[in-house]
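So you can see what is in the structure, the chains are spelled out below.
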Amino acid sequence: MQTKPLRIGTRGSALALAQAHETRSRLMIAHNMPEEAFEIVVIKTSGDKIQDRPLSEVGGKGLFTKEIEEGLLDGSLDLAVHSSKDMPTVLPDGLALTAFLPREDVRDAFISPKAETLLDLPQNAVVGSSSLRRQAMIKHLRPDIEVVMYRGNVQTRLRKLEEGQVDATLLAYAGLKRLGLGDVVTSVLEPDQFLPAVGQGAICIESRAGDTATLDMLSAIHDEETERRLTAERAYLAVLDGSCRTPIGGLAEISGETLILRGVVLKPDGSQMHSIERAGPVTDAERIGQEAGEALKELMGPGFLSA
């Protein structure tokens, strides 16, 4: 019998808390447990503290997970809830991604008072984005647009847009929907035109690999289709040594028993883009991801990102 609350680690942003609350709600329903059986523990990560520089300059994705993972390893947390797109491809020894919630909308959302779509923006418009993928893809579609670094949580970015600091911004549609802010979206960017980040729209849960009690609890809320898709996407990203230092997009989708993975890599200035598509049985998700990454690496050739 559980005698102490299950401790759920999370970042403190409104979006991170919404994701932690969704995880708690699903566990409560699955196991018929009261809210008091869980404790949501807010951890301020290095990524939250550094707001004046691009993450690519100060350490990459791991800045959003380091302190939370330390809590898992020292036993002060039982599980952690993350946005999958924030997770490095290599985790600390002893930790694993042990559950995924059903994936939300994967698309990027375009938000602007100046135009209905990205392509409709006025010449030389200013778009705010901290994502190298979004920056490069914007420049690829509209070389005239000036893209400026744009850190902060969702509410901060929307406030900067309202103040007129930029003409438009792009945010993950899934995050806006989870915050009840879907109505701020001007239009959405379809993956055929604007491939999302690996893991976008998916909530993942990290825990100690050998913690069988927690693993048993999580199995009741785990979504296998999301796991298959993320296995392929993360294997693809790992081959490319993907991080927030590299403009990479990737999306795996499942049709029947077939998994289809599409990927792109761009030069940071958007001047060149290589794309790839691979398909195969869903049971071969990791292999499909690895093969897609290797094929894209070959297309890029040496020095693609530095040239």
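In what follows, the structure referred to is the one given above.
Quick look at the structure, then.

Definitions and cut-offs
Residues numbered from 1 in each chain as written. Predicted model: local features only at pLDDT ≥ 70, side-chain atom pairs only at ≥ 80, totals over all residues. Heavy atoms only, no water. Helix = DSSP H or I, 4+ residues; strand = E, 2+ residues; numbered from the N terminus. Rg over C-alpha atoms; globule rule 2.2 N^0.38 Å. Buried < 20%, exposed > 50% of the residue type's maximum accessible area, 1.4 Å probe, protein only. Areas by Shrake-Rupley, 256 points an atom, 1.4 Å probe, with all protein chains shown as cover. Lys, Arg positive; Asp, Glu negative; His and termini not counted. Charge placed at Lys NZ, Arg CZ, Asp CG, Glu CD. Expected span 1.5 Å × (residues − 1). Arc of directions from axis to C-beta. Contact = heavy atoms within 4.5 Å. Pairing = 2+ DSSP bridges. Axes fitted to C-alpha atoms, helices over the stretch in contact; angles between N-to-C directions.

1. Quick notes on the overall build of the protein
When helices and strands are tallied, the protein shows ten helices and 13 strands. Compactness check: the protein gives a C-alpha radius of gyration of 19 Å against a globular reference of 19 Å for 307 residues, within 12% of the reference. Per-residue burial for the protein yields a buried fraction of 53% across its 307 residues. Accessible area of the protein: about 13500 Å², with a carbon and sulfur share of 48%. The protein carries 34 positive and 45 negative side-chain charges, and their two centres are separated by 4 Å.

2. Focus: helix H10 (residues 285-300)
What sets the pattern is the α-helix's 3.6 residues per turn: residues three or four places apart point alike. With 16 residues, H10 ought to run about 22 Å at 1.5 Å a step, and its terminal C-alpha atoms sit 23 Å apart, in line with that. All buried positions along H10 are accounted for by Ala 285, Ile 288, Gly 289, Ala 292, Gly 293, Ala 295, Leu 296 and Met 300. Buried residues of H10, seen end-on, are gathered within an arc of 165° and therefore sit on one face of the element. Each element contacted by the buried residues of H10 is listed here: helix H9 (224-239), strand E12 (258-266) and strand E13 (273-281). At the C-terminal side of H10, Gly 301 shows a positive phi close to 75°.

3. Considerations on the sheet that holds strand E6 (residues 126-128)
One key point about sheets: their strands pair by backbone hydrogen bonds, in either a parallel or an antiparallel sense. In spatial order, the strands read E7-E6-E8-E5-E9; together these five strands make up an open sheet with mixed pairing. Two strands close off the open sheet at either side, each with one partner strand: strand E7 (146-148) and strand E9 (187-189). Neighbour to neighbour, the strand axes of the sheet diverge by 30° on average, direction disregarded. Bridge analysis of E6 against strand E8 (residues 168-172) gives two bridges, and the strand direction is parallel. Paired with Val 127 across the two strands is Ala 168, which belongs to E8. Packed on one face of the sheet, helix H5 (residues 132-141) meets strand E5 (108-111), E6, E7 and E8 and runs near 130° to E8. Contacts between helix H6 (residues 154-162) and the sheet are confined to E5 and E8, with E8 contributing the most and set at about 160° to the helix.

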